[in-house]
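Survey of secondary and tertiary structure
Letter by letter, the chains look like this.
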Amino acid sequence: MKDILEQLEDRREGARLGGGQNRIDAQHGRGKLSARERVDLLLDEGSFEEFDMFVTHRCTDFGMEQQKPAGDGVVTGWGTINGRLVYVFSQDFTVLGGSVSETHAKKICKIMDMAMQNGAPIIGINDSGGARIQEGVDSLAGYGEVFQRNIQASGVVPQISVIMGPCAGGAVYSPAMTDFIFMVKDSSYMFVTGPDVVKTVTNEQVTSEELGGASTHTRKSSVADAAFENDVEALAEVRRLVDFLPANNREKPPVRPFFDEPDRIEPSLDTLVPTNANTPYDMKELILKLADEGDFYEIQQEFAKNIVTGFFRIEGRTVGVVANQPMVLAGVLDIDSARKAARFVRFCDAFEIPILTLIDVPGFLPGTSQEYGGVIKHGAKLLFAYGEATVPMVTVITRKAYGGAYVVMASKHLQSDFNYAWPTAEIAVMGAKGATEIIHRADLKDPQKIASHAADYEERFANPFVAAERGFIDEVIQPRMTRKRISRAFASLRNKSKTMPWKKHDNIPL
Ligand code: HXC
């Protein structure tokens, strides 16, 4: 009996070594942790339960029958993050470059199926050279099975991808279908085809970092939601994100203890908006002052900075925040910001996370590059996302809410529940200057007359009261009272129940 127990331990020890100590050392040499070290850091200490440690591939081509490492290049299982169940897979680059075989894919599918069945998030740690070349179509089929589960799980359980090495080909398409993608600076890459293929096909010379590094994907392509300095920081941030999210689409997000009065009054907010309507101010200051303990988890911080998206808590409960940022492009809506915010709003709606929208928006960005890039369709994504959302929605207009952007940004007309405005709000079709030049075109040559028309227009429309008289604004509130007002509003909406007409699915302008 003792022999058998020892044999089991020996087999486990062998499996834990993956591709061997030399390759683990090489992984460390690149500043990367091993697949198991990553799982240990991600989960609560001692909570990991492994599946399929002894699974091996079945390939007999190219001498593969000679190398059958236990586990087949991926560590899978479940554990907890701050006591809450999650499923995890972590690809082991030391085993055939973390490449995906038929059996490797089956292991991932098994835990994805368990996660959907038991209603818990799936976290994928990706460090893989893509389809295992020796297996040919069997590995492609394996990828297909994973993709299909990503699609089925979308909107059912949160899916988070952490990219922690070179990910090429199939290795990027599974993360692409998940809710959040995190990268590690200088050691992770994502591309459909690597620099060599790019050189052959397009004659472009580009490094891996330029083509698919963390900076490229967080600033240019927006494929990734955040990038961190190293594996340890990235995994700690995944834990922080999971704390904000519900386990699945039938549960509410967790309620955390809070140490901040919901009716905290913030006198400094009374002077946040500058007297000159064209002077910028930092919307993040407002966000931090509204949040429980000033804790804000920003999503896509480096992309389309003219809109801010992220999570905070009020009364210990998660709220998704969408806010125009007057510091960047005056907070205008454009293709990138509309796409960024639309995806965020849809995530919140899918997972029952209430949405707070903070508005200071001068409209949509004009110009050929926007029109040729399809701003009509991309702007419509945000309009559509707000209009189809059934979660509690609270909106605060701090300053400008002009034109189409006023309607798009969670207006009363899109069935937002509470629409507040500060006394500094200006709700109009456009700014006074632009409006005057159109209405009073005949007076364009007379600057005095134009100035007087602009002053009239401002007097009439540069305030929240015209909209409030019509009930499009529910209440004009004191800036200092904002946290109290929105926390009471969200509290009153906790049992909100709203259904949309039956349909197979909508046809959002993609
Ligand atoms: C089998 C692989 C592999 C793969 C890497 N390895 N990728 N084995 N299949 N896809 C092996 C290597 O042979 C090597 O084994 C070990 O992993 C480490 O790889 P290195 O090349 O030494 O590491 P590095 O220099 O860091 O380069 C990493 C890499 C590179 C950039 C990922 O290995 C690479 O370009 N691999 C191929 C990528 C690729 O073309 N994948 C197929 C994509 S097509 P030894 O024993 O020598 O140490 C695809 C289609 C799916 O995924 C489509 C679904 C829709």
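Up top is the structure.
Model, not experiment: these values are computed from the prediction.

Here we look at the site of the ligand
Around the ligand sit 18 residues in total, of which R23, G97, G129, A131 and G170 are the nearest. Between a nitrogen atom of the ligand and a main-chain N or O atom of A131, the distance comes to 2.8 Å. A distance of 2.9 Å is found between an oxygen atom of the ligand and a backbone nitrogen or oxygen belonging to G170. Bound to the protein, the ligand loses 53% of the 1000 Å² it would expose on its own. For the shell around the ligand, the element with the highest residue contribution is helix α5 (residues 137–153), accounting for 3 residues. Of the residues that constitute the shell around the ligand, the class distribution is 8 nonpolar, 7 polar and 3 charged.

So, the sheet that holds strand β9 (residues 226–228)
Note: strands within a sheet are paired through backbone hydrogen bonds, in either parallel or antiparallel orientation. If you walk across this open sheet you meet the 7 strands as β1-β2-β3-β4-β5-β7-β9, and the pairing is mixed. Whereas interior strands pair on both sides, the edge strands pair on one side only; in this sheet they are β1 (49–51) and β9. Strand-to-strand twist of the sheet, defined as the mean angle between neighbouring strand axes without regard to direction, takes the value 20°. Bridge count for strand β2 (residues 74–81) against strand β3 (residues 84–91) is 8 bridges, and the pairing is antiparallel. By the bridge assignment for β3, T80 is matched with L85. Across the sheet, helix α4 (residues 102–118) lies against β1, β2, β3, β4 (122–126) and β5 (159–163), angled at about 165° from β3, the strand it touches most.

Description of unusual backbone geometry
Although it is not a glycine, N82 adopts a positive phi angle of roughly 45°. When you line up the elements, N82 lands in the loop between β2 and β3. Judged by its relative accessible area of 38%, N82 is partly exposed. Positive phi values are uncommon outside glycine, yet L329 reaches one of about 50°.

Some thoughts on helix α16 (residues 432–439)
For α16, the complete set of buried residues consists of A432, A435 and T436. Mapping the buried residues of α16 onto a view down its axis gives an arc of 100°, with all of them on the same face. Check the buried side of α16 and you find it contacts α17 (447–461).

Re the pattern of salt bridges
Going through the model one piece at a time under the given rule, you end up with 36 salt bridges. K496 serves as the salt-bridge partner of D417, at 2.8 Å between the closest nitrogen and oxygen. Linking D417 in the loop between α15 (403–408) and β15 (418–421) with K496 in the segment after α19 (482–492), this pair joins segments that are 79 residues apart in sequence. Linked through salt bridges whose partners overlap, the residues forming this network are D260, R264, E266, D292 and R483.

Section: the packing of aromatic side chains
In total, this model carries 12 aromatic pairs according to the counting rule given. Centre to centre, the rings of F244 and F311 are 6.0 Å apart; their planes meet at 25°, and the pair counts as stacked. Here F244 is found in helix α10 (residues 231–244), whereas its partner F311 is found in strand β11 (residues 307–314), with 67 residues between them in sequence. There is no split in this pair, since F244 and F311 are both buried.

Side note on the environment of V86
Tracing the chain through its elements places V86 in strand β3. On the basis of relative accessible area, V86 is assigned to the buried category, the value being 0%. Residues V86 and M430, spaced 344 residues apart in sequence, show a C-alpha to C-alpha distance of 48 Å. Contact partners of V86, with chain neighbours within four places excluded, come to L43, W78, G79, I81, A120, P121, I123 and V242.

Some details on the environment of A410
With respect to the secondary-structure elements, A410 resides in the loop between α15 and β15. The residues touching A410, leaving out its near neighbours within four places in the chain, are T357, Y386, T395, S416 and N419.

The rules behind the values
Residues numbered from 1 in each chain as written. Predicted model: local features only at pLDDT ≥ 70, side-chain atom pairs only at ≥ 80, totals over all residues. Heavy atoms only, no water. Near = heavy atom within 4 Å. Polar contact = N/O pair within 3.5 Å; in protein donor to acceptor, adjacent residues only side chain to side chain. Areas by Shrake-Rupley, 256 points an atom, 1.4 Å probe, with all protein chains shown as cover. Helix = DSSP H or I, 4+ residues; strand = E, 2+ residues; numbered from the N terminus. Nonpolar A, V, L, I, M, F, W, Y, C, P; charged D, E, K, R; others polar. Pairing = 2+ DSSP bridges. Axes fitted to C-alpha atoms, helices over the stretch in contact; angles between N-to-C directions. Contact = heavy atoms within 4.5 Å. Buried < 20%, exposed > 50% of the residue type's maximum accessible area, 1.4 Å probe, protein only. Arc of directions from axis to C-beta. Salt bridge = Lys/Arg side-chain N within 4 Å of Asp/Glu carboxyl O. Phe/Tyr/Trp six-rings, centres within 6.5 Å; stacked < 30°, edge-to-face > 60°.

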